[in-house]
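Here is what each chain is made of, one letter per residue.
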Amino acid sequence: MVWHLISATPSPYARKIRIALQEKKLPFELQTEVPWDHTTQTPTHNPLEKLPVLILDDGKAVYESHYILDWLETKYPDPSLLPKDVDERLLAKQIEVVADGVCDALVLAFFEMKREKESQPQMRKVTGGLRALNAWVEERAVSSGYLFEDRLTIADIATCSVLGFMAVRWPDHGWKNEYPAMERYWRKLEERPSFASTVPVAQKFSDPVV
Ligand SMILES: N[C@@H](CCC(=O)N[C@@H](CS(=O)(=O)O)C(=O)NCC(=O)O)C(=O)O
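Residues numbered from 1 in each chain as written. Predicted model: local features only at pLDDT ≥ 70, side-chain atom pairs only at ≥ 80, totals over all residues. Heavy atoms only, no water.

### A word on helix α3 (residues 65-75)
Taken together, the buried positions of α3 are occupied by S65, I68, L69, W71, L72 and E73. Packing partners of the buried residues in α3 comprise β1 (3-7), α1 (12-23), β3 (53-55), β4 (61-63), α4 (86-115) and α6 (154-169). (Buried < 20%, exposed > 50% of the residue type's maximum accessible area, 1.4 Å probe, protein only. Helix = DSSP H or I, 4+ residues; strand = E, 2+ residues; numbered from the N terminus. Contact = heavy atoms within 4.5 Å.)

Here it is, written out as structure tokens:
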């Protein structure tokens, strides 16, 4: 039996795992779902009822994208997607925290938009998070194209996953004009096979989002 990854076409969280599995050359089958539809299998495997969920050969489930990445790095460390230096490793995880936090705010804003006008508090977190991500990109990635050690790490994966998500869900957002260096960094990474094969696609909800 092969691993299965429960994913969704626009999911920036699931994209991190799809990229990491490809970079580590770990075979898996994609199980694409709409997690809000009554047909979703997420509750079967994850008490939090969210995707991504990595389902192993023995049926055990690994869930929460940052934990799935930790699990993959621990069990399959080569090639590593973390910097070697301890403090740099911790900073790479902090960058993932900020990128995931921007995703969290975007997802909340998306659903609040379905209920009423765009949520200012959530979009304010997006603004602050993008500013922080851009500072790291300008400080670290302008020459090499990577945030750490001239090679791909989870920090690049998480940062580009949220930027790719914004390009799909918020195509008119001004981040590309405001942060041209970050746009160049993002576009260069999007050419990488594991990124090019996981570009997010908006999905339709057949059930009402409650
Ligand atoms: N913290 C989680 C967030 C995952 C998440 O919110 N996933 C969404 C799907 S998507 O927004 O990534 O497309 C979900 O399953 N939502 C279902 C729910 O919230 O019940 C992670 O990092 O894995």
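### Brief notes about the side chain of E33
If you trace the backbone, E33 turns up in the loop between β2 (28-32) and α2 (42-45). Here E33 is buried and forms no salt bridge, its nearest opposite-charge partner K50 lying at an N-O distance of 13 Å. Not counting residues within four places of it along the chain, the set of residues in contact with E33 comprises I6, S7, A8, T40, Q41, T42, L51 and Q203. (Lys, Arg positive; Asp, Glu negative; His and termini not counted. Salt bridge = Lys/Arg side-chain N within 4 Å of Asp/Glu carboxyl O.)

### Overview of the pattern of salt bridges
A full pass over the atoms with the stated rule returns 13 salt bridges. Measuring nitrogen to oxygen at the nearest pair gives 3.2 Å for the salt bridge that ties K60 to D58. D58 shares its class with K60; the two are exposed. Within this structure, K16, E96 and D100 form a network of salt bridges that share partners.

### Remarks on the site of the ligand
By nearness alone, every residue bordering the ligand is listed as S11, Y13, P35, W36, E49, K50, L51, P52, E64, S65 and V107. Separating an oxygen atom of the ligand from a side-chain N or O atom of S65 is a distance of 2.5 Å. Across the shell around the ligand, the residue classes tally to six nonpolar, two polar and three charged. (Near = heavy atom within 4 Å. Polar contact = N/O pair within 3.5 Å; in protein donor to acceptor, adjacent residues only side chain to side chain. Nonpolar A, V, L, I, M, F, W, Y, C, P; charged D, E, K, R; others polar.)

### Some words on the sheet that holds β3
Strand order in this open sheet of four strands is β2-β1-β3-β4, and the pairing throughout is mixed. Every interior strand has two partners, whereas the edge strands, β2 and β4, have only one. Averaged over all pairs of adjacent strands, the angle between their axes in this sheet comes to 20 degrees, without regard to strand direction. The pairing of β1 with β3 spans three bridges and is antiparallel. By the bridge assignment, L5 is partnered in β3 with L54. Where α1 meets the sheet, its contacts fall on β1, β2 and β3, and the angle it forms with β1 comes to roughly 150 degrees. Most of the contacts of α3 go to β4, to which it runs at about 120 degrees, and overall it touches β1, β3 and β4. (Pairing = 2+ DSSP bridges. Axes fitted to C-alpha atoms, helices over the stretch in contact; angles between N-to-C directions.)

By themselves, these are just geometric observations and shouldn't be taken as functional.
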